[in-house]
Amino acid sequence: MAKKHENYWELVWALARTDFKLRYHGSVLGYFWALLKPLLTFLILNFVFSTIFNPRNSGIQHFSLQLLTSIMLFNFFSEGTMAGLNSLLGKASLVTKIYVPRWTIVIASTINASLIFAMNLIIIAVFFTWYGFWPGLPAIFTFCYFILLTFLLILSFSFIAAPLYVKFRDLSQIWEVTIQALFYGSPIVYPLQIIPVKYHTLLLANPIGYIIHFTKMALTENHYAPLWQNAIFTAIIIALFFVSLFVFRKMEPKIAENI
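Quick notes on the rules
Residues numbered from 1 in each chain as written. Predicted model: local features only at pLDDT ≥ 70, side-chain atom pairs only at ≥ 80, totals over all residues. Heavy atoms only, no water. Helix = DSSP H or I, 4+ residues; strand = E, 2+ residues; numbered from the N terminus. Buried < 20%, exposed > 50% of the residue type's maximum accessible area, 1.4 Å probe, protein only. Contact = heavy atoms within 4.5 Å. Areas by Shrake-Rupley, 256 points an atom, 1.4 Å probe, with all protein chains shown as cover. Expected span 1.5 Å × (residues − 1). Bend = angle between axes of the 7 residues up to and from the residue. Patch = residues over 30% accessible without salt bridge, like charges linked within 9 Å, V, L, I, M, F, W, Y side chains within 5 Å. Salt bridge = Lys/Arg side-chain N within 4 Å of Asp/Glu carboxyl O. Polar contact = N/O pair within 3.5 Å; in protein donor to acceptor, adjacent residues only side chain to side chain. Phe/Tyr/Trp six-rings, centres within 6.5 Å; stacked < 30°, edge-to-face > 60°. 1 Å grid on protein atoms, 1.4 Å probe; cavity = no way out; pocket = protein on both sides within 12 Å on 5 of 7 lines; lining within 4 Å. Points joined across faces, edges and corners; volume = space filled by probe spheres on them. Nonpolar A, V, L, I, M, F, W, Y, C, P; charged D, E, K, R; others polar. Axes fitted to C-alpha atoms, helices over the stretch in contact; angles between N-to-C directions. Parallel < 35°, antiparallel > 145°, perpendicular 65-115°, else oblique. Left-handed = near helix turned anticlockwise from the far one by under 90°.

## Topic: the overall build of the protein
Part 1: Within the protein, the regular secondary structure consists of 11 helices and 0 strands.
Part 2: Moving toward the C terminus, one meets the helices and strands of the protein in the order α-α-α-α-α-α-α-α-α-α-α.
Part 3: Expressed as a percentage of the 259 residues in the protein, the buried residues total 47%.
Part 4: For the protein, the share of sequence-separated contacts (at least 6 apart) that also reach a separation of at least 24 residues comes to 78%.
Part 5: Here the protein has roughly 13,800 Å² of accessible surface; of this, 69% comes from carbon and sulfur atoms.

## Here we look at helix H3 (residues 63-90)
Part 1: Between the first and last C-alpha of H3 there are 38 Å, a value that for 28 residues agrees with the 40 Å anticipated at 1.5 Å per step.
Part 2: Of all bends in H3, the biggest is about 25°, found at glycine 84.
Part 3: Counting buried positions over the 28 residues of H3 gives 23, a clear majority of the element.

## Let's talk about a nonpolar patch on the surface
Part 1: On the surface, Trp228, Ile232 and Ile236 cluster together to form a nonpolar patch covering roughly 350 Å² of accessible area.
Part 2: Within the secondary structure, isoleucine 232 sits in helix H10 (residues 227-251).

## Quick look at the side chain of serine 109
Part 1: Structurally, serine 109 is set in helix H5 (residues 102-130).
Part 2: Assessed through its relative accessible area of 5%, serine 109 is described here as buried.

## Here we look at the environment of tyrosine 190
Part 1: Mapped onto the elements of the fold, tyrosine 190 is located in the loop between helix H7 (171-184) and helix H8 (200-204).
Part 2: By relative accessible area, which is 15% here, tyrosine 190 ends up buried.
Part 3: Residues tyrosine 190 and glutamine 66, 124 residues apart in the sequence, show an inter-C-alpha distance of 9.4 Å.
Part 4: There is a polar contact of 3.3 Å between the side chain of tyrosine 190 and the backbone oxygen of serine 186.

## Remarks on the packing of aromatic side chains
Each aromatic ring pair is characterised by the separation of its centres together with the angle its planes make.
Part 1: Following the criterion strictly, the structure yields 15 aromatic pairs and no others.
Part 2: Arranged with centres 6.1 Å apart and planes meeting at 50°, the rings of phenylalanine 74 and phenylalanine 77 form a pair that is tilted. You can see phenylalanine 74 and its partner phenylalanine 77 sitting in helix H3, 3 residues apart, about one turn around the helix.
Part 3: Take phenylalanine 74: its relative accessible area is 3%, and that puts it in the buried class.
Part 4: Each ring, one from phenylalanine 159 and one from phenylalanine 241, has its centre 6.4 Å from the other, and the planes form 55°; the classification is tilted. Linking phenylalanine 159 in helix H6 (residues 137-165) with phenylalanine 241 in helix H10, this pair joins segments that are 82 residues apart in sequence.
Part 5: Assessed through its relative accessible area of 16%, phenylalanine 241 is described here as buried.

## Some thoughts on the layout of surface pockets
Part 1: Here the largest pocket defines a volume of roughly 300 Å³.
Part 2: Listing elements by their share of the lining of the largest pocket, those giving two or more residues are helix H2 (33-52), H3 and H7.
Part 3: A breakdown of the residues in the lining of the largest pocket according to their chemical character gives 7 nonpolar, 4 polar and 2 charged.

## Remarks on the packing of H3 against H7
Part 1: Here H3 crosses H7 at 170°, and the two axes come no closer than 11 Å. Looking at the two axes, H3 sits roughly antiparallel to H7. Here Phe74, Phe77, Ser78, Thr81, Met82 and Leu85 of H3 lie close against H7, whose contacting residues are Leu171, Ser172, Trp175, Glu176, Ile179, Leu182 and Phe183.
Part 2: Of the residues belonging to the contact of H3 with H7, the class tally is 9 nonpolar, 3 polar and 1 charged.

## Describing the packing of helix H9 (residues 207-221) against H10
Part 1: As a packed pair, H9 and H10 sit with axes 12 Å apart at the nearest point and diverge in direction by 140°. When the axis of H9 is compared with that of H10, the two are oblique. The crossing of H9 and H10 is left-handed. Contact with H9, carried on its side by Pro207, Tyr210, Ile211 and Phe214, involves Gln229, Asn230, Phe233 and Ile237 of H10 and no other residues of that element.

## Here's the deal with the environment of asparagine 112
Part 1: Of note, asparagine 112 is situated in helix H5.
Part 2: Separated by 29 residues in the primary sequence, asparagine 112 and alanine 83 place their C-alpha atoms 8.3 Å from one another.
Part 3: Among all residues touching asparagine 112, those that are not within four sequence positions of it are Ala16, Asp19 and Phe20.

Given below as structure tokens:
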């Protein structure tokens, strides 16, 4: 049994590497697109909001670093959920022609997004060094912790959405619009401090918004959410993950039929 599960994880890694290679196959810049896409987004937004609106006038420090971190995290969430959503349908021939545990395909797609995010961490490190600002170990550990929670959030969405998508093809369009709404509904291009307090609870009820806000606060302001608040948030994410596994197991037998 242990050997069998070991082979499954080898399959997951092989699928993830293949997806990563195929994604940039044939492009002139190749893997550099994994770095350039979020970097160009950051440079454009940083110019608009730093030069035109000048957040320093509002007393906001390290805005560029906050914006960069937020964009990288949100891109990880966006890329991961879209990859997870399309994972089973994108591997339709693999699903219908041979038996492969369906969960391996879903996880492999999210790992592919994680590899891209790992490359983007290089950009974050470079910019923090460029600005001469480096967070302490507690902040870095908090960042790593929230990265893990983001990955669990991506997996939870993918295990529910991937089998649904093979039957309801409109989900891709719906999720693209939802991603846009989540981008502007999360404290990415604006800090939470400039939003009226009465709306804070609503914005932080968005899981990726919560993660982004407290990640950038930890890295740039040495400010952390209360332990009880993080504990409740973590419990919700873990509960959602196990619910998604249950839902996936219920829908798994009909995946090949629906494709």
